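Now for the letters of each chain:
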Amino acid sequence: MFSKIFNKQKADQDTDTSVTLDTQVILHYGVPSTSSRIAYDPFQHLLAVCTLDGRIKVIGGDNIEGLLIAPKQLPFKHLEFLENQGFLISVSNENDVQVWDLEHRYIVSTLQWHCNITAFLVIQGTSYMYLGDEYGCVSVLMYDVEDKKLLQNVYQISAQSVSEATGISMLEHCSVVGVLSQPFSQGNRLLFAYDKGIIVLWDMAEDQLVLVKGDKDLHLKGKPISISENDAEGEQTPEILEDEGSDKEISALCWACLDGSLVAVGYVDGDIMLWKLSNAASSKDAKAETSDDVVKLQLSSSSKRFPVIILHWSAGSSKSKHRDQLFVYGGDQMGSAEVLTILDLDWSSNKESLNNITRVDVTLHGSFADMIVLRNLDPLRSVDRTSMMILTSPGQLHFFDDSCLSALISKKDCSVSPIQYSSILPTSDPTLTVGIHCSLHADPKSSATFSERAKNMRMTVSSAANKESKWPLTGGVPSYLPSSGDNNIMRLYIAGYRDGSVRIWDTTYPVLSYLSVLEPEVKGITISGITASVSALDFTSSALIAAVGSESGLVRLYMLGESSGKSTVHIVTEAGTEVHDPGNGEGPYCFAVFSLCAAPVCTLRFSVLGEKLAVGFESGQIAMLDVSSTSVSFLIDTLPKSPIVSLAMGTFLGPCSLDGVDQSTEGMVKHAENLTFVLQRDSRIATLSSSAGNIIKGTKNVIEVTERKDLQALSHDDMLKLSHHLSENSLLLLCCPNVFVVYSLKSLIQGNSRSVHEVNLIEICCWTATVQKDETEYVLIVLYVTGLVEIRSLPLLEILGQSSLMSILRWNFKPNMEKLLSTTQKGHIALVNGAEFAIVSILACDNDFRIPESLPSLHDTVLAAAVDADIKNLSSNQKKDKHFVPRIFSGLIKGLQANKDVSSSFGRLFPRSSKDPAAAPTDVGEPIELSIDDIEIDEPVIVSPLPLKSENEKKDKKSEREALFEGTTSEMKPRQRTIDEIKAKYRNTGDVSAAAVQARDKLAERGEKLERISQRSEELRDGAESFASMAQELAKRMENRKWWQI
């Protein structure tokens, strides 16, 4: 392809070959096709999607999307939010536990685990995590927000300790496949499962076993409940089948009730067990099992079933308290259709028995990847809501709201369509065929006018989208840049689609802003082929006009700038011109349609000022359109008739007399002659006069460069870019798939195919573009079919730097990807890969996108503070009013408040985290010395203004103070107590560590009392000062009054 014309003298001078590469992903939209897992923050309303290639996509509202790229190209096997804290936890296949800061979009801490992580759980509302490994151990991690470090706690539940407590041997060779924190246990009880079928409930406060269930208990219940696919047509009494009693290997588990007394367990053989957990407090009681402790469910009676991969549970609504939903992926007969099964469980009171089970199969759109169940997604309403998000391959998100789920479960309406995630820039529905990323260089007045019109278009589109959109994610905070005088639009992305439509986005900042859609139809006018697929686009920033070419040969012109009161449409054909007045309203409008050739339009090129438009057809014809007068300057055929793949227009500054060129008036290159250079698919180059359309005559007016054996015919969308002012000393760069050739413009016009400089390429080149390095120099960006990206100098074509699509975006190059590549003059490259759209910057140039201040925030700190405030408000009001309901987040707040209590109790439950994973527990055999710094106050004390106290209250406070200090005086100093004294004081002689914990709690309680006394003293002092000030003011007023005014 042609790339650039340069001044010949520059080739002989020393060129600055230094260039700084600064590859940066400016923006990214769409869900990657390699997505594998999802996570959700119910308070921030953010969704995170991790991939198999080391990327994490975070999706919020208002077109806020962010892409996080891990250092290694590895899959993630676990992904969870630290809810409402602005952090995301990921676990890679190499067992790297990574903490992502969402506000700053980078990894703040990483912990390399020493073995394979097989289970992972973040305790909601806390910064604590449970981790299960392949050796049967359960460990505790904590993220220290202040130090920004991920620490391993010294507390650990080893497989050996579980074996000793349960009496089950060989647990060291079992993996932990699931970890659950029991609800309403204040974080003290943890349920974890081993892959060999063992389920353990462990009390971490007492560090002992609560109960164990496993394969031996299954023989007590030998009759499973079969829920085959045939039962999906209605509620049926379950059929009873015989159990084979084979070994059970656990593959999934989840809680199946709110109080943690029932757990659902999925097995590799396809069975689902509903285990009832007793309230036993010790391992002795845990061995007393009955046949009513487990209910077995089977989705198919076949002997060959899929493993149960996913299990999720949701409580029934307030209207149906005894009906729950169990979401299952897997467990069905092998060879059956891939579906997600919803089991509606109808329980008796207190969940003593299971009455009926309703089965509904949800057809999946693609291969299943992951799912989550959302509760109370609409917290502003008092009703409970259950919704579901499903991730399928390749990169499809489907949201089932509560009404959709209700229709599926109650009416068996499997035809209900979920809400599908759609990016602001669609690539498949409709199909994207061509796109250009362009800069606006119009005069300030025109740019300001267009920006004002674009602002109105943006508001109209946003208002319509808000009315129609039901997508639930609303997280993130848009960037609000300081108001300045220069808020004009600087960049646009224009995309053409297969349905003939064209859409426009504002890319001035790192958030796409949808501006307008240019529909192909013209109101009130019927034009044949008007809805054909868009095949070519071009835009002139000088006149703010967009040109659209289609597969049917039509060329449409749209006015994006000020209309000047014109609203007519010119239909130009070979027979003549028709003028219509469709009554265009506000916004961009079509003002001309050219129908000159039935062949598809291959390429479009505006002149410098936008007054001319060159059109190249697949039939080899070339048309020159006069934009200002909406007329045709000429339409000619080339010889031979090969498709036109590239056009360029420039002004040749002469006059000049070229050797071998006919000196007649018709063939001579005149002063300031407008030239058009044409590149055909068979690699022939022709030079035309832009005004007359005649080929510049000479001995060789067409160069057949394919005579070189190492050159190939150029692809359909090769590009030709020229500088605006040409001379005899200008150079032309021709980029072919495996060679770059530099020609002299003088030789080119003469028909001489001898090159000035050429470079043979090792790999196949598919796309090139010239971008501005600085104010005076350009560089060449080269993309190869292997995904390699090169920066080369001009005109010497030396390699200045290298990168790759894999290192920038984790993309593999795909065929025809180059057709949707485009760049601005400063090297902001727009790329499309499947459903993904990205803009990347290659060169370290001016910060045109104003990063990072223009980046939207992925964590709403104001919302997080509001949630914390509601938690504190709920905590204080619940003590006063048992029926108090939180204002903002309903049931979610209750759960988070409970978890906040868990978080504060973890500080007492676990020893202080050690930076050394191998750190040993602290020896408590020595005398315990506690300082005031060891006191931790869980919640701030809420003190309301107090009225004047009575004498009895004063006596009570005096006695309270005496009791607090226990007769001590200010001269007394604290002394170190021995273990015997601590035991005698706290009446606990059995466990020294328990005494230490109790002493710590007493000190915390004592500190709270001291804090209350201090705050009350401050209030009294403030009240006294206020009273004295008021008395003085009153005295002054009384002094000025007369006796009759009193």
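Residues numbered from 1 in each chain as written. Predicted model: local features only at pLDDT ≥ 70, side-chain atom pairs only at ≥ 80, totals over all residues. Heavy atoms only, no water.

Peer 1: Please explain the sheet that holds strand E31 (residues 396-400) as it appears in this structure.
Peer 2: The strands making up a sheet associate through hydrogen bonds between their backbones, and the pairing can be parallel or antiparallel. Spatial ordering of the open sheet is given by E29-E30-E31-E32, a layout of 4 strands whose pairing is antiparallel. Only two strands of the sheet have a single neighbouring strand rather than two, namely strand E29 (367-375) and strand E32 (419-420). Sitting on the sheet, helix H4 (residues 402-410) is in contact with strand E30 (386-393) and E31, with an inclination near 85° to E30. (Pairing = 2+ DSSP bridges. Helix = DSSP H or I, 4+ residues; strand = E, 2+ residues; numbered from the N terminus. Contact = heavy atoms within 4.5 Å. Axes fitted to C-alpha atoms, helices over the stretch in contact; angles between N-to-C directions.)

Peer 1: Whenever I open this one, the sheet that holds strand E16 (residues 189-194) confuses me. Can you help?
Peer 2: Spatially, the 4 strands line up as an open sheet ordered E15-E16-E17-E18, and their pairing is antiparallel. This sheet does not close on itself; its edge strands, each paired only once, are strand E15 (176-181) and strand E18 (208-213). Taking the axes of each pair of neighbouring strands and ignoring which way they run, one obtains an average angle of 20° across the sheet. Strands E16, strand E17 (199-203) and E18 of the sheet are contacted by helix H1 (residues 159-166), whose axis makes an angle of about 100° with E17.

Peer 1: Mind showing me how you'd approach the side chain of Ser-607 here?
Peer 2: Within the secondary structure, Ser-607 is located in the loop between strand E43 (601-606) and strand E44 (612-617). On the basis of relative accessibility, which here comes to 10%, the residue Ser-607 falls in the buried class. Here the side chain of Ser-607 touches Glu-611 through a polar contact of 3.0 Å, side chain to side chain. Those residues in contact with Ser-607, other than ones at most four positions away along the chain, are Lys-612 and Met-649. (Buried < 20%, exposed > 50% of the residue type's maximum accessible area, 1.4 Å probe, protein only. Polar contact = N/O pair within 3.5 Å; in protein donor to acceptor, adjacent residues only side chain to side chain.)

Peer 1: What am I meant to see in the pairing of E18 here?
Peer 2: For a regular strand, the rule is simple: side chains alternate between the two faces of the sheet. Burial of E18 is extensive: 5 of the 6 residues sit out of reach of the surface. Across 5 bridges, the pairing between E17 and E18 is antiparallel. Within E18, the position partnered with Leu-201 by the bridge is Leu-211. Turn length for the E17-E18 hairpin, with the two strands adjacent in sequence and antiparallel, is 4 residues, and the turn residue Asp-207 shows positive phi of about 55°.

Peer 1: Is there a simple way to explain the packing of aromatic side chains in this structure?
Peer 2: The geometry of an aromatic ring pair is captured by two quantities: the separation of the ring centres and the angle between the planes. Taken as a whole and assessed by the stated rule, the structure comprises 6 aromatic pairs. Ring plane angle 20° and centroid distance 4.0 Å describe the contact between Tyr-329 and Phe-368, whose orientation is recorded as stacked. Of this pair, Tyr-329 sits in strand E26 (residues 323-330) while Phe-368 is found in strand E29, placing the two residues 39 residues apart along the sequence. Each member of the pair, Tyr-329 as well as Phe-368, is classed as buried. Taken together, the aromatic side chains of Tyr-493, Trp-505, Tyr-514 and Phe-837 make up a single cluster linked through ring pairs. When the ring centre of Tyr-267 is taken as reference, the NZ or CZ atom of Lys-248 above it lies at 5.1 Å. (Phe/Tyr/Trp six-rings, centres within 6.5 Å; stacked < 30°, edge-to-face > 60°. Lys NZ or Arg CZ within 6 Å of the ring centre and 35° of its normal.)

Peer 1: Please explain the state of the cysteines as it appears in this structure.
Peer 2: Cysteine pairs can be linked by a disulfide, which is a covalent bond between their two sulfur atoms. By the definition in use, this model includes 0 disulfides. Here Cys-736 stays unpaired: no disulfide links it, and the sulfur of Cys-735, its closest cysteine neighbor, is 7.6 Å away. (Disulfide = S-S within 2.5 Å.)

Peer 1: Just to check I follow, could you spell out the pattern of salt bridges for this structure?
Peer 2: Oppositely charged side chains can pair when the atoms bearing their charge come close. Taken as a whole and assessed by the stated rule, the structure comprises 17 salt bridges. With a shortest N-O distance of 3.5 Å, Asp-346 and Arg-323 are connected by a salt bridge. Of this pair, Asp-346 sits in strand E27 (residues 339-347) while Arg-323 is found in strand E26, placing the two residues 23 residues apart along the sequence. Classification of Asp-346 as buried rests on a relative accessible area of 16%. One network of salt bridges, in which partners are shared, links Lys-248, Asp-269, Asp-271, Lys-296 and Arg-305. (Salt bridge = Lys/Arg side-chain N within 4 Å of Asp/Glu carboxyl O.)

Peer 1: What exactly am I supposed to notice about H1 here?
Peer 2: For an α-helix, 3.6 residues make a turn, and residues three or four places apart therefore share a direction. For H1, the complete set of buried residues consists of Ala-159, Val-162, Ser-163 and Thr-166. End-on, the buried residues of H1 take up no more than an arc of 100°, which puts them together on one face. Residues of H1 that are buried sit in contact with strand E14 (149-157), E16, E17 and E18. Immediately downstream of H1, the backbone of Gly-167 shows phi near 75°, a positive value. (Arc of directions from axis to C-beta.)

Peer 1: Is there a simple way to explain unusual backbone geometry in this structure?
Peer 2: Leaving glycine aside, a negative phi is the common case for residues, and trans is the common case for peptide bonds. Residue Ser-393 is joined to Pro-394 through a cis peptide bond whose omega torsion reads 5°. Each neighbour pair has its own omega, and for Leu-794 with Pro-795 the value is 5°, a cis peptide bond. Mapped onto the elements of the fold, Pro-795 is located in the loop between strand E57 (788-793) and strand E58 (799-804). Although it is not a glycine, Thr-630 sits at a positive phi angle of roughly 50°.

Peer 1: I tried to follow the environment of Gln-44 on my own but got confused; where do I start?
Peer 2: As for its position among the elements, Gln-44 is in the loop between strand E3 (35-41) and strand E4 (46-51). Sequence separation of Gln-44 and Leu-858 is 814 residues, and the distance between their C-alpha atoms is 8.8 Å. Filtering out sequence-adjacent residues up to four positions away, Gln-44 remains in contact with Asn-84, Gly-475, Gly-476, His-859, Asp-860, Leu-863 and Ala-864. A distance of 2.9 Å separates the side chain of Gln-44 from the backbone nitrogen of Asp-860, its partner in a polar contact.

Peer 1: Whenever I open this one, the pairing of strand E21 (residues 250-255) confuses me. Can you help?
Peer 2: With 5 of 6 residues buried, E21 is to be regarded as a mostly interior element. Where E21 lies against strand E22 (residues 262-267), 5 bridges are found, and the strand directions are antiparallel. In the strand pairing of E22, Ala-252 is matched with Gly-266. As consecutive antiparallel partners, E21 and E22 are separated by 6 residues, and within that stretch Gly-260 has a phi angle of approximately 75°, a positive value.

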